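These are the residues of each chain, in order.
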Amino acid sequence: MNAPSDQVTRATGWVTGTALDFSGSKVTVTIPAESPRNGTFKVTKAEGDRLTVAFLRPEGSRDEAEFQMGPDDKKLHWNIGGGQEIVLAKIQN
C-alpha cells in the first residue's frame, strides 16, 4: 500500500470497505463511514481499456471517475487523482 505508515490501517479499512455495485444503469457506491450513494451512471468516454464514468446523483449532481481494467490481473483500477489509484478485485464465491 502506498500510504504514510501511520495511515496504513485506516487506508486499508477504507479501501476494503469500498464497493461499487452496478446493475443495469443503476449504481450504488459504498464508502466506509458514509451512507451508500445511489444513482445512475453513464459511460462518457471509452478508449481501449480505460473508461470515464459519470455518476449521476438523484438530486442532480454529477461525479466522474476514470477506471482501467488490468490486462492480466483481472482487477479494476480506479484513478482517484493526484497519481493515486484504488485497485478493486471481484470477490470470488
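As the structure is a prediction and not an experimental result, all values here were calculated from the model. (Residues numbered from 1 in each chain as written. Predicted model: local features only at pLDDT ≥ 70, side-chain atom pairs only at ≥ 80, totals over all residues. Heavy atoms only, no water.)

### Describing the packing of aromatic side chains
Ring pairs (aromatic) are described by centroid distance and by the angle formed between their planes. Threshold: The aromatic pairing rule takes the rings of Phe, Tyr and Trp, using the six-membered ring of Trp, and pairs them if the centres are within 6.5 Å, calling planes under 30 degrees apart stacked, those over 60 edge-to-face and the rest tilted. For helices the rule is a DSSP run of H or I covering at least 4 residues; for strands it is a run of E covering at least 2, with both sets numbered from the N terminus onward. Burial status follows relative accessibility: with a 1.4 Å probe on protein chains alone, a residue under 20% of its type maximum counts as buried, one over 50% as exposed, and anything between as partly exposed.
For the structure on display, the rule yields 4 aromatic pairs. For the ring pair F55 and F67, a centre distance of 6.3 Å and an interplane angle of 80° mean the geometry is edge-to-face. One end of the pair, F55, is in strand β4 (residues 50–56); the other, F67, is in strand β5 (residues 62–69), and 12 residues separate them in sequence. F67 carries the same exposure label as F55, and that label is buried.

### Looking at the pairing of strand β2 (residues 26–30)
For clarity, the threshold we go by: Paired strands are those between which DSSP finds at least two bridges.
Along β2, the buried face is formed by V27 and V29; none of K26, T28 and T30, which line the opposite face, is buried. As paired strands, strand β1 (residues 19–23) and β2 are joined by 5 bridges and run antiparallel to one another. Paired with F22 across the two strands is V27, which belongs to β2. Taking the residues that link successive antiparallel strands as the turn, the β1-β2 hairpin has 2 residues, and the phi of G24 there is positive, at about 65°. Pairing geometry for β2 and strand β3 (residues 37–47), over 4 bridges, is antiparallel. Looking across to β3, one finds that V27 is bridged to G39. Here β2 folds back onto β3, and the loop between the two strands holds 6 residues, one of which, A33, carries a positive phi near 70°.

### A look at the sheet that holds strand β7 (residues 84–89)
Note the cut-off: Each axis is a line fitted through C-alpha atoms, taken for helices only over the stretch in contact, and angles between the N-to-C directions span 0 to 180 degrees.
Pairing in this open sheet of 7 strands is antiparallel, and the strands run β1-β2-β3-β4-β5-β6-β7 from one edge to the other. Among the strands making up the open sheet, the edge pair consists of β1 and β7. Across the sheet, the axes of successive neighbouring strands diverge by a mean angle of 35°, strand direction being ignored. As judged from the 7 bridges shared by β4 and β5, these two strands associate in the antiparallel manner. Its bridge partner lying in β5, L56 is registered against R62.

### Regarding unusual backbone geometry
The phi angle at A33 is positive, at roughly 70°, despite the residue not being glycine. Positionally, A33 belongs in the loop between β2 and β3.

### A look at the pattern of salt bridges
Quick note on the threshold: Between Lys or Arg on one side and Asp or Glu on the other, a salt bridge is scored when a side-chain nitrogen of the former is within 4 Å of a carboxyl oxygen of the latter.
Going through the model one piece at a time under the given rule, you end up with 5 salt bridges. As a salt-bridge pair, K45 and E47 come within 3.9 Å of each other at their nearest N and O atoms. For K45, a relative accessible area of 46% puts it in the partly exposed group.

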